[in-house]
Amino acid sequence: MAIREIIKYPNPILEKEMRIVEQFDSKLKQILEDMYDTMVAYDGIGLAAPQIGLDAQIAIVDIDDQHGTIEFINPKIIAQSGSQIDIEGCLSFPNLYGDVRRATYVKIQAQNRLGKPFILEARGLLARVCLHEIDHLHGILFTSKVVKYYQPEELKDGKH
C-alpha cells in the first residue's frame, strides 16, 4: 500500500476517456489499496484512477462508515433521476469549489475487484460522489458543470 501523487489540472490525462479494465489480478488489488490510502491521506471521499495517473476505469468512494468503501471497475450509469445542486471540490483542483447540479438518484452497474458484476443504487451525497468519480473516467471535470464558484472566504465563513 502506498500514497500516490494526485494529478492536478491541466494534466491531459484528466480529460481523457479511460480504458476498460480487463485484468482482475493482484496488480488491480494493489491499485485499489493505493487509491484508498491516497484518498484518505488527501482527505477525499472519492478518487478516480486518472487522478493518480492511471488510464483505467477504476474509481473508489467512501463517504461514511454506513456505506463503507465502494470500489467501481468499469462502471456504467444505467439510470438516474431527480436534481440537486450542492457544493463540490476535487483533489485535482486544490482550493476550488463550486455548486454543481447532479441527479439525486443513480443506479450504477460495475464490477468489483474480482470482476464480479454488481449494481448499486445511490441517493443524495453518495449519488453525487459516485457521479463525480464516474465523470472522471470519461474525462469530464466538475468545473464543466459548476453553476457558481465560491471564494475561499465564503467557505470559511460558512456563507455558501
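Predicted model only: the values in this text are computed from it and were never measured. (Residues numbered from 1 in each chain as written. Predicted model: local features only at pLDDT ≥ 70, side-chain atom pairs only at ≥ 80, totals over all residues. Heavy atoms only, no water.)

1. Digging into the overall build of the protein
Scanning the protein from terminus to terminus reveals three helices and eight strands. Reading the protein from its N terminus to its C terminus gives the helix and strand order α-β-β-β-β-β-β-β-α-β-α. For 160 residues, the compact-globule estimate of 2.2 N^0.38 gives 15 Å, and the C-alpha radius of gyration of the protein, at 15 Å, lies within 12% of that figure. Each of the three principal axes of the protein carries a C-alpha extent, and together these read 45 × 35 × 30 Å. Counting all 160 residues of the protein, 43% fall into the buried class. By element, 49% of the accessible surface of the protein is carried by carbon and sulfur atoms, the whole surface being about 8400 Å². Each charge sign in the protein was given a centre, from 18 positive and 23 negative side chains, and these centres are 4 Å apart. (Helix = DSSP H or I, 4+ residues; strand = E, 2+ residues; numbered from the N terminus. Rg over C-alpha atoms; globule rule 2.2 N^0.38 Å. Buried < 20%, exposed > 50% of the residue type's maximum accessible area, 1.4 Å probe, protein only. Areas by Shrake-Rupley, 256 points an atom, 1.4 Å probe, with all protein chains shown as cover. Lys, Arg positive; Asp, Glu negative; His and termini not counted. Charge placed at Lys NZ, Arg CZ, Asp CG, Glu CD.)

2. What about the sheet that holds strand E2 (residues 58-61)?
Across a sheet, paired strands are connected by hydrogen bonds in the backbone, their directions being either parallel or antiparallel. Strand order across the open sheet formed by five strands is E1-E2-E3-E6-E7, with antiparallel pairing between neighbours. The sheet terminates laterally at strand E1 (46-48) and strand E7 (117-123), the two strands that pair on one side only. Looking at each pair of strands side by side, their axes are set apart by 35 degrees on average, direction ignored. As paired strands, E1 and E2 are joined by three bridges and run antiparallel to one another. Considered in E2, the bridge of Leu 47 is made with Ile 60. Helix-sheet contacts for helix H1 (residues 26-41) involve E1, E2 and strand E3 (70-81), and the interaxial angle to E2 is about 45 degrees. Its contacts with the sheet place helix H2 (residues 124-136) against E1, E2, E3, strand E6 (105-111) and E7, and it is angled at close to 125 degrees to E7. (Pairing = 2+ DSSP bridges. Axes fitted to C-alpha atoms, helices over the stretch in contact; angles between N-to-C directions. Contact = heavy atoms within 4.5 Å.)

3. Let's talk about the packing of aromatic side chains
As enumerated under the stated definition, the model contains three aromatic pairs in all. Plain terms: the ring middles of Phe 93 and Phe 142 are 5.6 Å apart, the flat faces sit at 80 degrees to each other, and that makes the pair edge-to-face. Residue Phe 93 is found in strand E5 (residues 93-102), and its partner Phe 142 is found in the loop between H2 and strand E8 (146-149); the two are separated by 49 residues along the sequence. Here Phe 93 and Phe 142 have matching classes, each one buried. Put simply, the rings of Tyr 9, Phe 93 and Phe 142 touch in pairs and so form one group of aromatic residues. (Phe/Tyr/Trp six-rings, centres within 6.5 Å; stacked < 30°, edge-to-face > 60°.)

4. Let's talk about the state of the cysteines
The final tally for this structure, using the stated rule, is zero disulfides. You can see Cys 90 has no disulfide; the closest cysteine sulfur is in Cys 130, sitting 15 Å from it. (Disulfide = S-S within 2.5 Å.)

5. Topic: the side chain of Glu 88
With respect to the helices, strands and loops of the structure, Glu 88 is situated in strand E4 (residues 84-90). Given a relative accessible area of 6%, Glu 88 falls into the buried group. A polar side-chain atom of Glu 88 sits 2.8 Å from a polar atom in the side chain of Arg 102. Not counting residues up to four positions away in its chain, the partners in contact with Glu 88 are Leu 96, Tyr 97, Gly 98, Val 100, Arg 102, Arg 128, His 132 and Phe 142. (Polar contact = N/O pair within 3.5 Å; in protein donor to acceptor, adjacent residues only side chain to side chain.)

6. Some thoughts on unusual backbone geometry
Here the amide bond leading from Tyr 9 into Pro 10 is cis, since omega sits at 20 degrees, within 30 degrees of zero. Structurally, the position occupied by Pro 10 is in the segment before H1. A positive phi angle, near 60 degrees, is found at Asp 43, a position not held by glycine. Secondary-structure assignment places Asp 43 in the loop between H1 and E1. Overall, Asp 43 belongs to the exposed group, its relative accessible area being 71%.

7. Some thoughts on the pairing of E2
Across the two faces of E2 the burial is the same, with Ile 58 and Ile 60 and Ala 59 and Val 61 all buried. Here E2 runs beside E3; their pairing, made up of four bridges, is antiparallel. Bridging from a neighbouring strand, Ile 60 pairs with Glu 71 of E3.

Geometric values such as these leave the question of function open.
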